[in-house]
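Close look at the chain arrangement
The chain contents come next:
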Amino acid sequence: MQPFSEQLRGRIHGARRRIVFPEGDDPRVLAASRRLKADRLIEPVLISKETIAGMETIDPATSPRLGDYTSFYLQRRASKGVTEIEADAIVRKPLYFAASMVAAGDAHGTVGGSVSTTADTVRAALAVIGPAPGIETISGAFLIALGAERVMTFADCAVVVEPSPSQLADIAISAAATTRQFLQTEALVAMLSFSTHGSARHAQIDAVVEAVRILRTRMPDLKVDGELQVDAAIVPAVAALKAPGSTVAGRANTLVFPNLAAANIGYKLAERLGGAVAIGPILQGLAKPANDLSRGCNADDVYNMAILTACQSLE
């Protein structure tokens with residue numbers, strides 16, 4: 001079986017996805033963009049005031065689409081008291097201009113964050129692209145590759161620190177979509193806790209139980225179970241003892257953690273001790289693809305995130 005990363009590249013080869021990079025002057029972004037173009041995986045667009053040989057670049061200040069994007073942003077944010085002058089100034093900012101290109105259909109996705117903070121990157125995506133229908137919570141997921149044949153989705157590993165039950169339900173819905181999209185299989189969602197089916201009592205457990213109730217009301221066809229301890233979620237023998245009869249326990253491919261601390265610890269343990277490859281984080285729940293990089297990223301990270309973003313745009 002092909003390594004998972006090769007499978008992802010194969011999906012977008014020839015699809016001509018146009019991905020915009022708001023930090024086009026960053027050397028890491030430029031190196032990754034040149035490689036992506038040479039590999040014929042995507043068509044990179046760099047937001048930059050400079051002309052860069054062999055690359056498509058756009059300066060927001062001189063773009064003929066600036067007025068259209070300003071009008072779009074003004075329409076979206078008028079209820080917040082944004083004026084036309086303010087809208088024009090905001091859309092000229094690279095993160096907002098790139099998001100505007102995606103929202104307008106002039107690009108298939110955007111990848112930022114090599115220079116900007118996560119907060120600024122997510123804020124621009126939310127303000128311009130907005131959440132997907134029915135979703136109010138933007139979250140982050142990692143694809144955890146345990147060899148070529150087993151890949152799982154871990155969420156939320158990036159955004160929401162202490163999710164409420166309704167936010168946990170949103171995260172689970174988005175994580176299930178991520179699993180279907182990238183793993184191309186039915187999502188089996190385990191809502192994790194330190195208890196399995198009432199084996200312990202605590203307010204944190206109650207929040208997970210309530211999230212499961214919300215999920216079953218909102219998406220009755222989704223295969224979800226919880227609260228589950230992680231061993232009951234992924235080990236068939238343990239599931240048989242702790243959660244007999246569950247359609248998810250022992251087979252889960254989508255793990256939703258109760259908070260950001262648990263998720264961050266979980267994916268890093270899988271990566272550092274379990275030898276897994278953590279791919280991401282992928283921003284979930286947006287109407288169109290926009291993703292965030294670490295400011296400590298390298299060119300390979302930019303390259304791989306662009307591939308993930310292009311894959312998201314295929315749906």
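Everything in this summary refers to the structure shown in the same document. (Residues numbered from 1 in each chain as written. Predicted model: local features only at pLDDT ≥ 70, side-chain atom pairs only at ≥ 80, totals over all residues. Heavy atoms only, no water.)

Thoughts on the sheet that holds strand β1 (residues 17–21)
How we decide: DSSP bridges decide pairing: two strands pair if at least two such bridges lie between them. Helical segments are the DSSP runs of H or I of at least four residues, strand segments are the runs of E of at least two, and each set is numbered from the N terminus. Throughout, an axis means a line fitted to C-alpha atoms (over the contacting stretch in the case of helices), and angles, computed between N-to-C directions, take values from 0 to 180 degrees. Only heavy atoms enter the contact rule, under which two residues are in contact if any of them lie within 4.5 Å.
Ordered by their spatial adjacency, five strands build an open sheet running β3-β2-β1-β4-β11, and the pairing between neighbours is parallel. The sheet is open, and its two edges are formed by β3 (56–58) and β11 (290–292), each paired on a single side. Going from strand to strand, the sheet's axes swing by 25° on average, the running direction of each strand aside. As paired strands, strand β4 (residues 109–112) and β11 are joined by three bridges and run parallel to one another. Residue T110 lies in a different strand from β11, and its bridge partner there is A290. Lying on the sheet, helix α12 (residues 299–313) is in contact with β1, β2 (42–47), β4 and β11; it crosses β1 at an angle near 130°.

Let's talk about the pattern of salt bridges
Here is the rule: For this analysis, a salt bridge means a side-chain nitrogen from Lys or Arg found within 4 Å of a carboxyl oxygen belonging to Asp or Glu. Accessibility here uses a 1.4 Å probe with only protein chains present; expressed as a share of the type maximum, an area under 20% marks a residue as buried, one over 50% as exposed, and anything in between as partly exposed.
For the coordinates displayed, the defined rule picks out 15 salt bridges. Ionic pairing is found between D26 and R28, a salt bridge with its closest N-O pair at 2.6 Å. A relative accessible area of 9% places D26 in the buried class. Taking the shortest distance from any N to any O, the salt bridge between R123 and D120 comes out at 2.7 Å. Pair noted here: R123 and D120 are both in helix α6 (residues 118–128), with a separation of three residues, about one helical turn. Among the charged side chains, a salt-bridge network with shared partners connects R35, D39 and D300.

Structural notes on the packing of helix α1 (residues 4–12) against α12
The condition is simple: For this classification, under 35 degrees means roughly parallel, over 145 means roughly antiparallel, 65 to 115 means roughly perpendicular, and everything else is oblique. Take the far helix as your reference; a near helix turned counterclockwise from it by less than a right angle gives a left-handed crossing, and one turned clockwise gives a right-handed crossing. Under the scheme applied here, ten amino acids are nonpolar (Ala, Val, Leu, Ile, Met, Phe, Trp, Tyr, Cys and Pro), four are charged (Asp, Glu, Lys and Arg), and all others, including Gly, are polar.
Taken N-terminus to C-terminus, the directions of α1 and α12 make an angle of 55°; their axes are 9 Å apart at the nearest point. One element, α1, and the other, α12, form an angle in the oblique class. The hand of the α1/α12 crossing is left-handed. Contacts between α1 and α12 pair L8, R9 and I12 from the former with Y303, I307, L308, A310 and C311 from the latter. In the contact of α1 with α12, the residues fall into seven nonpolar, no polar and one charged.

Here we look at the packing of aromatic side chains
How two aromatic rings sit relative to each other is given by the distance of their centres and the angle of their planes. Operational definition: In this analysis, rings of Phe, Tyr and Trp, with Trp reduced to its six-membered ring, are considered paired at centre separations within 6.5 Å, and the interplanar angle assigns stacked below 30 degrees, edge-to-face beyond 60, and tilted for intermediate values.
Scanning the entire structure with this criterion turns up four aromatic pairs. Centre to centre, the rings of Y69 and F97 are 5.1 Å apart; their planes meet at 70°, and the pair counts as edge-to-face. Of this pair, Y69 sits in helix α3 (residues 66–77) while F97 sits in helix α5 (residues 94–104), placing them 28 residues apart in sequence. Of the two residues examined, Y69 and F97, each falls in the buried class. Between Y73 and Y96, the ring centres sit 6.1 Å apart and the planes meet at 90°, which makes this aromatic pair edge-to-face. With Y73 in helix α3 and Y96 in helix α5, the pair connects residues that are 23 residues apart, well separated along the chain.

A short note on the side chain of T179
Structurally, the position occupied by T179 is in helix α7 (residues 165–183). Using a relative accessible area of 0% as the deciding quantity, one classes T179 as buried. With residues up to four places along the chain from it excluded, the contact list for T179 reads T153, Q184, T185, E186, A187, N253 and T254.

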